[in-house]
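# Examination of the molecular architecture
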Amino acid sequence: MSQPQQTPSTSFPIWIIALATGSSAMGITVVTPALPVIAQDLSASSQAVQQLLTLYLAMLALGQLVIGPLSDIIGRRPFFLAGAALIGIFGFAASHAGSIESLLLYRCLQGIGAAASLSMGRAIIHDHFDRMNASKAMASVQTIQAVMPLFALTIGGTLVFHLGWQGIMGLISASGLVLFSLSLILIPETHSERDNSLSLRAIWQSYGEVLSRPVFCGFMLVSAFQVGAFFALNAFIPYAYDAHGVSPLAFGLWFALTPGGYLIGNLCNRFFMIERGLERTVLIGCSLSVLSLLLLWGFYDYASVSAIAIALPCMLFGFANGFTVANATIGGIAAAGRHAGTASGLIGAMTMIMGGVGGAILIGIGAAHTPLVGVIGMLVMVCLSACASLALYRNASA
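Right, let's walk through the structure included here. (Residues numbered from 1 in each chain as written. Predicted model: local features only at pLDDT ≥ 70, side-chain atom pairs only at ≥ 80, totals over all residues. Heavy atoms only, no water.)

### Side note on helix H8 (residues 200–211)
For H8, built from 12 residues, the straight-helix expectation of 16 Å at 1.5 Å per residue is met to within 8% by its first-to-last C-alpha distance of 17 Å. Every buried residue belonging to H8 is among Ala202, Ile203, Ser206, Tyr207 and Val210, and all of these are buried. Burial along H8 is one-sided: seen end-on, the buried residues are contained in an arc of 140°. Residues of H8 that are exposed and point over 90 degrees away from its buried face: Leu200, Arg201 and Trp204. Summarising the contacts, the buried residues of H8 are in contact with helix H3 (46–74), helix H9 (214–243) and helix H14 (340–364). (Helix = DSSP H or I, 4+ residues; strand = E, 2+ residues; numbered from the N terminus. Expected span 1.5 Å × (residues − 1). Buried < 20%, exposed > 50% of the residue type's maximum accessible area, 1.4 Å probe, protein only. Arc of directions from axis to C-beta. Contact = heavy atoms within 4.5 Å.)

### Quick word on the pattern of salt bridges
Going through the model one piece at a time under the given rule, you end up with 6 salt bridges. Asp127 serves as the salt-bridge partner of Arg76, at 2.8 Å between the closest nitrogen and oxygen. Note that Arg76 is positioned in the loop between H3 and helix H4 (77–95) and Asp127 in helix H5 (residues 100–128), a separation of 51 residues in sequence. On the basis of relative accessibility, which here comes to 2%, the residue Asp127 falls in the buried class. Look at the salt bridges and you will find they share partners, linking Asp72, Arg76 and Asp127 into a network. (Salt bridge = Lys/Arg side-chain N within 4 Å of Asp/Glu carboxyl O.)

### Some words on the environment of Val227
Along the chain, Val227 turns up in helix H9. Looking at Val227, the relative accessible area reads 15%, which means it is buried. Remark: the alpha-carbon pair of Val227 and Arg276, spanning 49 residues in sequence, is separated by 23 Å. When neighbours within four sequence positions are excluded, Val227 is seen to be in contact with Asn321, Val325 and Thr351.

### Here we look at the packing of H5 against helix H7 (residues 165–186)
With their axes 13 Å apart at the nearest point, H5 and H7 run at an angle of 30° to one another. What the angle tells us is that H5 and H7 run roughly parallel. The interaxial crossing formed by H5 with H7 has left-handed handedness. Between H5 and H7, the residues in contact are Leu103, Arg107, Gln110 and Ser117 and Trp165, Met169, Ile172 and Leu179, respectively. Here the contact of H5 with H7 is built from residues that sort into 5 nonpolar, 2 polar and 1 charged. (Axes fitted to C-alpha atoms, helices over the stretch in contact; angles between N-to-C directions. Parallel < 35°, antiparallel > 145°, perpendicular 65-115°, else oblique. Left-handed = near helix turned anticlockwise from the far one by under 90°. Nonpolar A, V, L, I, M, F, W, Y, C, P; charged D, E, K, R; others polar.)

This is the structure:
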């Protein structure tokens, strides 16, 4: 597919794509502080309230699988706008929900909106820029996404204290409506070579064509295993700190170094690394991920290990992800040719699924009681991503 050879600049509103990505991520983290209050106000069980996150994530993954290929046929802009509208409308509806059942329904619809925002944001960047500059733009977007959860938790706690959980849903609604208004004015249709054959068969064929491309599959595996390992880390690392006597308050401060490392990694990737080659940068990032977990394993063998001995390898792991996630995403989408929307949806869904499943498996086999099990499980995941990145590098160098 032909695409304009442009560099990231003020001529294209990358910041709106970053806002869409950040809003989708915020929909997860900003709700977390409100869960106990929602359970009390709506007389719901803790299991039912937890579904507010689980169903949102499920729709976020499954929605991308459907919206991605449809955008190859219909275009990116309609789905990008529809996603923002769903977030805005059902954020408002959720703020007036009177039962846990209705609130769960509205959260599912918010998740579908977030899926459209995420998958179309990636596809729009691919359409507008050449591969190297698309990686730079994606790194900028990922930088915002790294910062958003840190602010969202703080904002969520503040809103719950002053306005109740309804204030959080109101914030989600406002972000969606602002995103819709800005996108309506500033985001053009970027997919000019659309396939007009709208049918289930055409969608299945697009999946088959994309999955038959080894380069796409290699980049998808790198992204899925790296992001999956990151989610898995979130699932068990609190228990590692707790086992060494770290208080919840201190844990929050130490753990903030991990997304901080991710932010720094994205900035280094954006300004220094991409010019060295996308495949080479991904390989370096995967290698650093392996190193970080070997260090974490080594430090954890010492019973008297301090919190900083856990935090620094985790920060290095976050830094390494800054080299891999944006580049693997753009590399995979670019390898899909005219099926960029399908590729975007597949990569997004696979990373979400791998993250959820990977974390659940590690907790299920005992990572909560023996965090070293989680470290070893993560090491297996990043070693697999390193193997995929090495194959990609060799293929690009051939």
